[in-house]
Amino acid sequence: MSTVATSFGIEEALQKLGIKEVNPGTSTGNKWFSGEDTIASYSPVDGKLIGKVTVTTKEDYEKVMESATAAFKTFRTIPAPQRGEIVRQFGNKLRELKEPLGKLVSYEMGKSLQEGYGEVQEMIDICDFAVGLSRQLNGQTIPSERPGHVMREQWHSLGVVGIISAFNFPVAVWAWNTALAWVCGDVCVWKASEKAPLCSVACQNIIAGVLKENNLPEGISCIINGDYKIGEMMTNDTRIPLISATGSTRMGRIVGAKVAERFGKSLLELGGNNAIIITPTADLKVVVPGAVFGAVGTAGQRCTSTRRLIIHESVYNKVRDAIVGAYAQIKIGNPLDETKHVGPLIDKDAVAMYLNAIEKAKAEGGNVLIEGGVVKGEGFESGCYVKPAIIEAKNHYEIVQHETFAPILYLMKYSGEVENAIDMQNGVAQGLSSAIMTNEMKEAEKFLSYSGSDCGIANVNIGTSGAEIGGAFGGEKETGGGRESGSDAWKVYMRRQTNTVNYSDELPLAQGIKFDL
Ligand code: NAD
């Protein structure tokens, strides 16, 4: 174990979470299965090996699916509020283990410790939300056009839910899906990111204990591990009615098509290209922290990270100087050290993509205001630490049109009315998160109106990054159209059934049709 791991209590955290040197990567709950191949998980914090996880074999995948399909038949018969009780207990276990799990998230993925804890808090919050929801999976009663008839809608459990998750939220995305799926009576099979596999083992250990204490069958919570080939086993599997996939647009395009081909449902949470519009009345006290946290938080590796600032020309210089000034305060370093703002990128491939994007922006005519680059020297041996960069650019640049998962912020000007800025904000293929900074009520309302932002998330005087679990989360266009978490996102985890019951002695037909015999 490295000195970083020892001094920040990672060893102890791994022990509390039941993580070993080599961990079986396949599980149906309390049963674990090991293949021969392994994925090694190196920390981007110090480049050291944290542990290994075995890759799921075809045979073990079959065992998982048999177990999950059998468990579904039992689990759906348990009343929803009792399923909510299981989720409540799970939330309590997460409360107990918030510190070690948050540390593992930070060390394996590289986000700041505060954000690691925040991610576990999000898991706890969604559990609380799901517990309440377990008493509110309500259908509607609908007036029938026929006398002596009643119509209603019911929501039934769907089956096995397949979850494919990205590296940047290695535990919360799973919880967003499972907490809702479980109260809905579904069982889950999770393929975590191959870049943060130990987090999946830790989560499975936590829920397995809860399931055992409640004498529940194997198969309610399953994990499988490996790269995209293991994900493909699920996308092609007709026993899985819903695939919830979080990751790049490239991945979503493949997964969405494959699942649609077999008439499965998919919930896609894909890439963003998020902008903040800064109008002449914007308050710099709100703009600067909102934009800077949005652009450099999680080293620019959030789907909601701020990529573009669209600034009115009349305040452009003032805003640019304030943002550039704030960047000078940013401390890059070990994310477990709470005095640091920016940790590493996930791996060296991500560093190469970041460097490549800066070169492309320059080649297209971008004007570099804050030069990026790889941070070298003591404490940066992993080679994954980069400097947040700021580039003046145009919205139509090819590189600006794409999501680069790194701390690169593009600054651009708009002139005239807010509609011009909204056109620029909407002028990309992605549609996840968006924001406007204004004290002008009409501008704010225009931004939120039907002709305003085309994103799934549109904020006023708040940045693009970070969301509360109470709202439905997701985006339009190439972001995939899925909604997770709060509001009525639970409906995607259930199947809807319309019932008409005739309690009269006649059989009147709908639409007044006569069929006399
Ligand atoms: P990625 O697309 O490389 O991988 C995501 C997951 O998909 C991994 O588990 C991977 O193994 C799996 N996968 C890849 N190809 C597959 C295939 N053909 N079939 C089945 N599974 C496949 O993404 P990443 O680098 O881990 O994460 C970063 C991306 O995720 C960014 O684009 C980011 O915006 C996006 N993201 C979106 C949200 C959201 O809610 N919209 C949240 C987090 C991350």
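Remember, predicted model here, so these are calculated numbers, not experimental data.

What counts and what doesn't
- Residues numbered from 1 in each chain as written.
- Predicted model: local features only at pLDDT ≥ 70, side-chain atom pairs only at ≥ 80, totals over all residues.
- Heavy atoms only, no water.
- UniProt positions renumbered as here; feature names shortened; annotations may be inferred.
- Helix = DSSP H or I, 4+ residues; strand = E, 2+ residues; numbered from the N terminus.
- Patch = residues over 30% accessible without salt bridge, like charges linked within 9 Å, V, L, I, M, F, W, Y side chains within 5 Å.
- Areas by Shrake-Rupley, 256 points an atom, 1.4 Å probe, with all protein chains shown as cover.
- Salt bridge = Lys/Arg side-chain N within 4 Å of Asp/Glu carboxyl O.
- Near = heavy atom within 4 Å.
- Polar contact = N/O pair within 3.5 Å; in protein donor to acceptor, adjacent residues only side chain to side chain.
- Nonpolar A, V, L, I, M, F, W, Y, C, P; charged D, E, K, R; others polar.
- Buried < 20%, exposed > 50% of the residue type's maximum accessible area, 1.4 Å probe, protein only.
- Contact = heavy atoms within 4.5 Å.
- Pairing = 2+ DSSP bridges.
- Axes fitted to C-alpha atoms, helices over the stretch in contact; angles between N-to-C directions.
- Right-handed = clockwise from strand over helix to strand, strands pointing away.

**Re the UniProt feature "domain: Aldehyde dehydrogenase" (unreviewed entry) in the chain**
Within the UniProt annotation, "domain: Aldehyde dehydrogenase" (unreviewed entry) is assigned to residues 34-498. In this annotation, residues 34-498 is assigned 39% helix and 20% strand; the end-to-end C-alpha distance for the span is 44 Å.

**Concerning a nonpolar patch on the surface**
The grouping of Leu507, Leu509, Ile513, Phe515 and Leu517 at the surface amounts to a nonpolar patch, some 650 Å² of accessible area in total. Among the secondary structure elements, Leu507 is positioned in the segment after β24 (494-502).

**Section: the site of the ligand**
The full set close to the ligand counts 30 residues, and Ser165, Glu194, Ser248, Leu270 and Glu403 are the nearest of them. Measuring from an oxygen atom of the ligand, one finds a side-chain N or O atom of Ser248 at 2.6 Å. At 3.3 Å from an oxygen atom of the ligand is found a side-chain nitrogen or oxygen belonging to Glu269. When the free accessible area of the ligand is taken as 850 Å², the share hidden by the protein chains comes to 93%. The set of elements that each furnish at least two residues to the shell around the ligand consists of α9 (228-235) and α10 (249-261). Per element, the largest residue contribution to the shell around the ligand is four residues, and it comes from α10. Taken together, the residues that form the shell around the ligand break down as 13 nonpolar, nine polar and eight charged.

**Things to note about the side chain of Ser485**
Relative to the elements of secondary structure, Ser485 occurs in strand β23 (residues 484-485). Classification of Ser485 as buried rests on a relative accessible area of 1%. Looking at Ser485, its side chain comes within polar contact range of the main-chain oxygen of Ile469, at 2.9 Å. What Ser485 contacts, discounting residues up to four positions off in sequence, is Ile126, Phe129, Trp176, Leu180, Ile469, Gly471 and Phe473.

**Some details on the sheet that holds strand β16 (residues 389-392)**
Pairing between the strands of a sheet is mediated by backbone hydrogen bonds and can be parallel or antiparallel. Taken in spatial order, the seven strands line up as β15-β16-β17-β14-β13-β19-β20 in an open sheet, and their pairing is mixed. Each edge of the open sheet is held by one strand with a lone partner, namely β15 (367-370) and β20 (457-460). Averaged over neighbouring strand pairs, the angle between their axes works out to 20° when direction is ignored. With five bridges joining them, strand β13 (residues 274-278) and strand β14 (residues 306-312) adopt parallel strand pairing. Bridge pairing links Ile276 to Leu309 in β14. The strands touched by helix α15 (residues 418-426) within the sheet are β13, β14, β17 (408-414) and β19 (433-437), with β17 carrying the most contacts at an inclination of about 145°.

**Thoughts on the pattern of salt bridges**
Per the counting criterion, the structure on display carries 25 salt bridges. Across the salt bridge formed by Arg320 and Asp321, the nearest N and O atoms sit 3.1 Å from each other. A salt bridge links Glu419 to Lys446; the nearest nitrogen and oxygen atoms lie 3.3 Å apart. Residue Glu419 is found in helix α15, and its partner Lys446 is found in helix α16 (residues 441-448); the two are separated by 27 residues along the sequence. We classify Glu419 as partly exposed; its relative accessible area is 35%.

**Regarding the pairing of strand β10 (residues 221-224)**
Within a regular strand, side chains alternate between the sheet's two faces. Of the two faces of β10, the one carrying Ser221 and Ile223 and the one carrying Cys222 and Ile224 are both buried. Note that strand β9 (residues 187-191) and β10 share four bridges and pair parallel. Among the inter-strand pairings, Lys191 is bridged to a residue of β10, identified as Ile224. With helix α8 (residues 197-213) bridging β9 and the parallel β10, this β-α-β connection has right-handed handedness.

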